[in-house]
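A structural walkthrough
The chain contents come next:
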Amino acid sequence: MSYTLCVYYSRTGSTEKLMREISQELGCELVRLEDGVDRSGLKGWLRSGMQAMARKLPPVKPFRTVLPLSAYELVIIGTPVWAGRCSAPVRSFLREHGEELRRVAYVITRGSDVRYEEVYDQMDLYVRTPHVGAVTIRPDSVGADFWRDSFLASIRDGGKGSGHAG
Ligand SMILES: Cc1cc2nc3c(=O)[nH]c(=O)nc-3n(C[C@H](O)[C@H](O)[C@H](O)COP(=O)(O)O)c2cc1C
């Protein structure tokens, strides 16, 4: 059994697709976070951006994992970039559970060419030890698959790298 967990939030499916691929490659459990907030349309987009900017913590709905979070050797956390920050539901997850996680790695998706590597540091504020791997990917960019695979290689190698694409 793999002691790696993939957990993510996705509003429009890009982070979900990437996290699904990563969890399949690693043969590990995949959990989607939900917060019950209506994030559809322009109103939802604006609400999401404002929440991220204000570092709001919308309650995340209860989710199930096979093991207690503290039992996983590695938790890979996927989030879209919202207004230069991690998404509000992922911030809520980190705030609530960050201290329980033994080792973390980050998968960040974004819509622009800006890499937003500072988001790693923002997320590290909620966990006990800094991330052991990370990647920032623009899902439709030419290098996206290459950077996903580089991230996977670093995780298989024990988690030692950071990367970015596009
Ligand atoms: C409210 C909001 C704010 C965003 N802000 C940024 C941003 O600051 N920089 C950026 O490159 N992309 C930004 N994006 C684009 C998303 O990060 C990008 O499309 C991401 O891959 C979407 O992931 P998802 O389909 O899993 O929700 C924003 C999207 C939303 C909804």
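Structural notes on the overall build of the chain
- Along the chain, the regular secondary structure elements total five helices and seven strands.
- In sequence order, the chain lays out its α and β elements as β-α-β-α-β-β-α-β-α-β-α-β.
- Judged by the C-alpha coordinates and their principal axes, the chain covers about 40 × 35 × 25 Å.
- Counting across all 166 residues of the chain, residues that qualify as buried make up 38%.

Details of the nonpolar core
- Within the largest apolar cluster, 39 residues are counted, with the highest numbers of intra-cluster contacts made by C6, V75, I76, I77, Y106 and V107.
- The set of elements that each furnish at least two residues to this core consists of β1 (4-8), α1 (14-26), β3 (74-82), α3 (88-97), β5 (104-109), α4 (118-124), β6 (133-137) and α5 (144-156).
- Counting residues per element, this core draws most heavily on β3, at six residues.
- Setting aside residues no more than four positions away along its own chain, I76 makes contact with T4, C6, I22, A105 and V107.

Focus on the pairing of β6
- For β6, the buried fraction is high: five of the five residues fall into the buried class.
- By the alternation rule, side chains of β6 split into G133, V135 and I137 and A134 and T136, which are all buried.
- Across five bridges, β5 lies against β6 in parallel orientation. Across the sheet, the residue bridging to Y106 is A134, located in β6.
- For the segment spanning β5, α4 and β6, crossover handedness is right-handed.

Focus: the environment of D121
- Along the chain, D121 turns up in helix α4.
- Counting along the chain gives 34 residues from D121 to I155, while the straight-line C-alpha distance between them is 19 Å.

Section: unusual backbone geometry
- Even without a glycine there, the phi angle at A83 is positive, about 50°.
- Relative to the assigned elements, A83 resides in the loop between β3 and β4 (85-86).
- Residue A83 is classed as partly exposed on the basis of its 13 C-beta neighbours within 10 Å.
- Within the chain, Y116 stands out as a residue other than glycine whose phi angle is a positive 55°.
- Summarising the element assignment, Y116 is placed in the loop between β5 and α4.
- A count of 17 C-beta atoms within 10 Å places Y116 in the partly exposed class.

Rules of the game
- Residues numbered from 1 in each chain as written.
- Predicted model: local features only at pLDDT ≥ 70, side-chain atom pairs only at ≥ 80, totals over all residues.
- Helix = DSSP H or I, 4+ residues; strand = E, 2+ residues; numbered from the N terminus.
- Buried ≥ 20, exposed ≤ 12 C-beta atoms within 10 Å, placed from the backbone.
- Core = buried A, V, L, I, M, F, W, Y, C linked by C-beta atoms within 7 Å.
- Contact = placed C-beta atoms within 7 Å.
- Pairing = 2+ DSSP bridges.
- Right-handed = clockwise from strand over helix to strand, strands pointing away.

By themselves, these are just geometric observations and shouldn't be taken as functional.
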